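Structure assessment
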Amino acid sequence: MLHSMSTTVEAVSERSAAEVNEEIRALWRRSGGTLTTEQRAEYQRLVMEWAAAAPQSNRAA
């Protein structure tokens with residue numbers, strides 16, 4: 001079975017990047033370093049939420 005990532009935009013997180021980062025760390029601790037398919041989907045969702053919540057740099061790339 002092929003899986004595709006959703007292209008829908010979710011609402012901006014009310015949580016800070018630090019809060020989301022802590023949830024990501026907790027997911028990795030619970031998993032013992034190996035994510036199941038379900039955990040991988042949760043990880044991807046959390047990373048997207050973290051990126052949306054993280055402060056944006058004003059520096060040019």
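One numbering rule holds for all chains: residues counted from 1, following each sequence as written. Confidence filtering applies because this is a predicted model: local features only for residues at pLDDT of at least 70, side-chain atom pairs given and counted only at 80 or more, and all residues used for totals across whole chains, interfaces and linings. Calculation of side-chain values draws on the structure's entire complement of heavy atoms; hydrogens and water are dropped beforehand.

With that out of the way, let us pick up the overall build of the protein. From N to C terminus, the protein includes two helices and zero strands. Scored against the burial criterion, the 61 residues of the protein give a buried share of 20%. Contacts in the protein between residues at least 24 apart in sequence constitute 44% of all its contacts with a sequence separation of at least 6. On the protein, roughly 5400 Å² of surface is accessible, and the fraction owed to carbon and sulfur atoms is 56%. Each helix is a run of H or I in the DSSP string that is no shorter than four residues. Each strand is a run of E no shorter than two, and both are numbered from the N terminus. Here the term buried applies to any residue with accessible area under 20% of the maximum for its type, exposed to any over 50%, and partly exposed to those in between, with areas from a 1.4 Å probe on protein chains only. Whether two residues are in contact is decided by their heavy atoms: any pair within 4.5 Å suffices. Per-residue accessibility takes into account occlusion by the displayed protein chains alone, with areas from the Shrake-Rupley method and a 1.4 Å probe.

A carboxyl oxygen of Asp or Glu within 4 Å of a side-chain nitrogen of Lys or Arg is what we treat as a salt bridge. Within the structure shown, the criterion is met by five salt bridges. The residue Arg-45 makes a salt bridge to Glu-49 at a minimum N-O spacing of 3.0 Å. Of this pair, Arg-45 and Glu-49 both sit in helix α2 (residues 37–53), four residues apart, which is roughly one turn of that helix. Through salt bridges with shared partners, a single network forms among Arg-15, Glu-23, Glu-42, Arg-45 and Glu-49.

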